Amino acid sequence: MDQHEGRSVLHLFLPPAANPSCVGHLVEHLCENILTPRIRWKSVADRAEIINDTVTSDPNINVVVPCLIQYPSHHYHSSSDRPATLSTDVMKQIGLVTGTHLYSLANAGPAEARYLARVVVSASHRALANTELRLIEGMWPFARERSERWFTEQFAMSADSLVSFSLPMAEVRACKAELAELVRTWSEKWRAAFPVEQARNASAGDLKRAALLVLSRVTPGAPSLYGFSRLSPEEEREFRRVLFENNLDMLLHRICYWSDGRRNLLEIVDRLEFELDQLLPDAHIARTASGSLVENKRIELDLKALLFVADHLIRGGYLAAE
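Residues numbered from 1 in each chain as written. Predicted model: local features only at pLDDT ≥ 70, side-chain atom pairs only at ≥ 80, totals over all residues. Heavy atoms only, no water.

Enquirer: Quick rundown of the packing of aromatic side chains? Include the residues and the values.
Expert: Evaluated as defined, the whole model comprises 10 aromatic pairs. Site record: aromatic cluster; members linked through ring pairs are Trp 140, Phe 142, Trp 150, Phe 151, Phe 155, Trp 186, Phe 194, Trp 258 and Phe 274. Of note, Arg 271 hangs over the ring of Trp 258, and the distance from its end group to the ring centre comes to 5.6 Å. (Phe/Tyr/Trp six-rings, centres within 6.5 Å; stacked < 30°, edge-to-face > 60°. Lys NZ or Arg CZ within 6 Å of the ring centre and 35° of its normal.)

Dropping the structure here:
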């Protein structure tokens with residue numbers, strides 16, 4: 001797509017937070033080093049509810065596939081999408097990025113895996129640096145200990161993915177230790193800038209039930225927004241109302257992603273709120289299920305709404321309560 005013709009931006013949809021991987025960090029690294037300044041691009045959070053190219057990144061399937069897509073565009077999925085609106089230069093550079101990405105991973109041995117490990121470490125430094133700016137601005141919504149847990153887990157999961165590309169386990173453990181120390185030092189340095197932890201706005205009954213509700217997967221994949229099994233038309237209307245009014249349409253599949261038979265719903269919600277924080281800056285992308293734009297609501301999710309959705313996922317046969 002000619003970006004001038006389409007007024008488009010190349011979006012890199014990264015792997016989901018429940019299954020972060022070095023393959024996402026690598027394609028981001030290649031975009032930074034291969035794409036020329038004439039090509040507008042940005043990394044964004046996974047949107048498997050509308051970008052179905054990435055559904056195999058589900059931890060249950062674990063075929064992690066980042067996605068490059070010029071979206072939105074004036075010519076996207078329209079009759080004006082024809083050779084005259086294409087750019088051979090853009091196609092050549094995107095082809096170079098994807099070809100290099102695929103060949104690098106397919107040909108990876110210990111030396112290439114060590115390079116990937118440094119790419120993961122570099123991406124982790126960048127994530128913390130971006131968070132520092134928000135801390136200075138007073139725009140980071142999460143308390144210190146909670147933030148430290150999130151980044152430590154995310155970076156460790158990314159490092160774990162290096163095993164698939166021939167990095168010896170001793171070096172994986174060393175990478176994880178390096179990243180954990182990075183987060184600990186960073187958290188201590190910025191201690192005074194973090195907001196104070198706030199009590200969750202939920203009833204005692206909902207908090208207790210969510211803490212006891214441990215969820216596990218039943219189906220290989222996550223459900224689609226387009227038709228939910230075992231609901232009457234009236235029930236489906238109410239289900240979709242709760243989803244859209246609470247930004248849970250973007251998080252429906254992610255609830256399943258985090259349900260591993262060990263985490264309770266409160267622990268899942270804790271992670272979903274970090275994901276929502278990643279999603280909202282790019283929420284100008286419309287919901288294709290309703291045509292409406294995502295409203296920039298508060299980061300704290302409504303626990304009662306989450307319990308309602310979890311009950312429907314259990315009833316629909318997608319999740320089981322342990």
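Resuming the write-up.
Enquirer: Would you mind going over the environment of Lys 208 in detail, with residue names and values included?
Expert: Looking at the secondary structure, you find Lys 208 in helix 7 (residues 204-212). The spatial distance from the C-alpha of Lys 208 to the C-alpha of Leu 266 is 9.2 Å, given a sequence separation of 58 residues. (Helix = DSSP H or I, 4+ residues; strand = E, 2+ residues; numbered from the N terminus.)

Enquirer: Mind laying out helix 8 (residues 233-245), listing which residues take part and the relevant values?
Expert: Here helix 8 spans 18 Å end to end across 13 residues, near enough to the 18 Å set by a 1.5 Å rise per residue. Among the residues of helix 8, Glu 236, Phe 239, Val 242, Leu 243 and Phe 244 are the ones counted as buried. Looking at the buried residues of helix 8, the elements they touch are helix 9 (252-258) and helix 11 (303-315). Immediately beyond the C-terminal end of helix 8, within one or two residues, lies Asn 247, with a positive phi of roughly 60°. (Expected span 1.5 Å × (residues − 1). Buried < 20%, exposed > 50% of the residue type's maximum accessible area, 1.4 Å probe, protein only. Contact = heavy atoms within 4.5 Å.)

Enquirer: Which residues make up the pattern of salt bridges, and what values do they have?
Expert: Pairing between side chains of opposite charge can happen when their charged atoms approach one another. Within the structure shown, the criterion is met by 26 salt bridges. Here Arg 126 and Glu 28 are joined by a salt bridge, their closest N and O atoms 3.2 Å apart. Note that Arg 126 is positioned in helix 4 (residues 110-137) and Glu 28 in helix 2 (residues 22-34), a separation of 98 residues in sequence. Overall, the relative accessible area of 28% leaves Arg 126 in the partly exposed class. A relative accessible area of 12% places Glu 28 in the buried class. (Salt bridge = Lys/Arg side-chain N within 4 Å of Asp/Glu carboxyl O.)

Enquirer: Outline the nonpolar core, listing residues and values.
Expert: Grouped together as the largest cluster of nonpolar side chains are 79 residues, with contacts concentrated most on Leu 162, Leu 265 and Val 309. Setting aside anything within four residues of it in sequence, one finds Leu 162 in contact with Cys 22, Ala 113, Leu 116, Ala 117, Val 120, Leu 167, Val 172 and Cys 175. Of all hydrophobic cores here, the second largest spans seven residues; its members include Val 44, Ile 51, Cys 67 and Tyr 71. (Core = buried A, V, L, I, M, F, W, Y, C linked by side-chain atoms within 4.5 Å.)

Enquirer: So what's going on with helix 2? Which residues, and what values?
Expert: Spanning 13 residues, helix 2 covers 18 Å between terminal C-alpha atoms, matching the ideal 18 Å at 1.5 Å per step. Considered for burial, the residues of helix 2 that qualify are Cys 22, Val 23, Gly 24, His 25, Leu 26, Val 27, Glu 28, Leu 30 and Cys 31. If you follow the buried residues of helix 2, they end up packed against strand 1 (10-13), strand 2 (41-44), strand 3 (67-70), helix 3 (88-106), helix 4 and helix 5 (144-160).

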